[in-house]
Amino acid sequence: MMNTEELKDYCLSKPKAVKTYPFGDWPICIKVHNKIFAQIYADKITLKCTAFSGQAFRAAYPGIVVRGYHCSPVQQPYWNTIDLERFPHAELPMMIDHAYETVVSSFSNKIQEEILGDCHASVCTGSQ
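Draft legend 1. Layout of the pattern of salt bridges. One pass over the structure, following the stated rule, counts four salt bridges. The residue K14 makes a salt bridge to D97 at a minimum N-O spacing of 2.5 Å. Residue K14 is found in the loop between α1 (4–12) and β1 (17–20), and its partner D97 is found in helix α3 (residues 92–105); the two are separated by 83 residues along the sequence. Taken as a pair, K14 and D97 share a single burial class, namely buried. A salt bridge links D83 to R86, with the shortest nitrogen-to-oxygen separation between them at 3.5 Å. Overall, D83 belongs to the partly exposed group, its relative accessible area being 21%. Taking relative accessible area as the criterion, R86 reaches 47% and is therefore assigned partly exposed.

Rendered as structure tokens:
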């Protein structure tokens, strides 16, 4: 199982990712260009997603990946909360990569270039 430090370190390995605590000690929020892509708790992680991928992850892991439990109903399709004790940890880096890419792709090309610099997106984000 990936622990909180490993999750945090992996998220912070993304270009321009920063750690913040906008809600107090928990969750640890990881942002890129002032937008959250991951919220890390002791026993779960909530990740940004597209509505389509969010639904696909929830269908693949029923009861383990659920809509963002803390989100308003309008935002829930765009966030997944993952039970870290029951989820296959080999999948977590891919889901974190997707969360990061989802947020970065929402920015203008100019902002994306500022975030990713001269590197190819798949190299910087860790996607295949």
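Now that the structure has been shown, the text picks up again.
Draft legend 2. Structural context of the nonpolar core. Counting 30 residues, the largest nonpolar core has F37 and I45 as the members making the most contacts within it. Broken down by secondary-structure element, the contributors of at least two residues to this core are α1, β2 (28–32), β3 (35–40), β4 (44–48), α3 and α4 (109–116). Beyond its immediate stretch of four places on either side in the chain, I45 contacts L7, A38, Q39, I40, N80, T81, I82, L84, L92 and I96.

Draft legend 3. Broad picture of the sheet that holds β1. If you walk across this open sheet you meet the six strands as β1-β2-β3-β4-β6-β5, and the pairing is antiparallel. Both outer strands of the open sheet, β1 and β5 (65–67), are each paired with one neighbouring strand and no more. The sheet shows a mean angle of 25° between the axes of neighbouring strands, direction not considered. Here β4 pairs with strand β6 (residues 79–83) via five bridges, running antiparallel. Across the sheet, residue K44 finds its bridge partner in β6, namely D83.

Draft legend 4. Region of the structure containing the packing of α1 against α3. Close contact between α1 and α3 brings their axes to 10 Å; oriented N to C, the two are set at 40°. Judged on the interaxial angle alone, α3 and α1 are oblique. Our pair here, α1 against α3, has a crossing hand that is right-handed. Between α1, through L7, Y10 and C11, and α3, the contact on the second element is made entirely by L92, P93, I96 and D97. Across the contact of α1 with α3, the residue classes break down as six nonpolar, no polar and one charged.

Draft legend 5. Examining the environment of K48 more closely. Positionally, K48 belongs in strand β4. Residues K48 and D25, spaced 23 residues apart in sequence, show a C-alpha to C-alpha distance of 20 Å. When near neighbours in sequence (up to four residues on either side) are disregarded, K48 contacts I36, F37, Q75, Y78, W79, H98, A99, T102 and V103.

Draft legend 6. View of the pairing of β6. The element β6 is extensively covered by neighbouring structure, given that four of its five residues are classed as buried. When β5 meets β6, the two strands line up antiparallel, connected through three bridges. Across the sheet, residue V65 finds its bridge partner in β6, namely I82.

Parameters and conventions
- Residues numbered from 1 in each chain as written.
- Predicted model: local features only at pLDDT ≥ 70, side-chain atom pairs only at ≥ 80, totals over all residues.
- Heavy atoms only, no water.
- Salt bridge = Lys/Arg side-chain N within 4 Å of Asp/Glu carboxyl O.
- Helix = DSSP H or I, 4+ residues; strand = E, 2+ residues; numbered from the N terminus.
- Buried < 20%, exposed > 50% of the residue type's maximum accessible area, 1.4 Å probe, protein only.
- Core = buried A, V, L, I, M, F, W, Y, C linked by side-chain atoms within 4.5 Å.
- Contact = heavy atoms within 4.5 Å.
- Pairing = 2+ DSSP bridges.
- Axes fitted to C-alpha atoms, helices over the stretch in contact; angles between N-to-C directions.
- Parallel < 35°, antiparallel > 145°, perpendicular 65-115°, else oblique.
- Left-handed = near helix turned anticlockwise from the far one by under 90°.
- Nonpolar A, V, L, I, M, F, W, Y, C, P; charged D, E, K, R; others polar.

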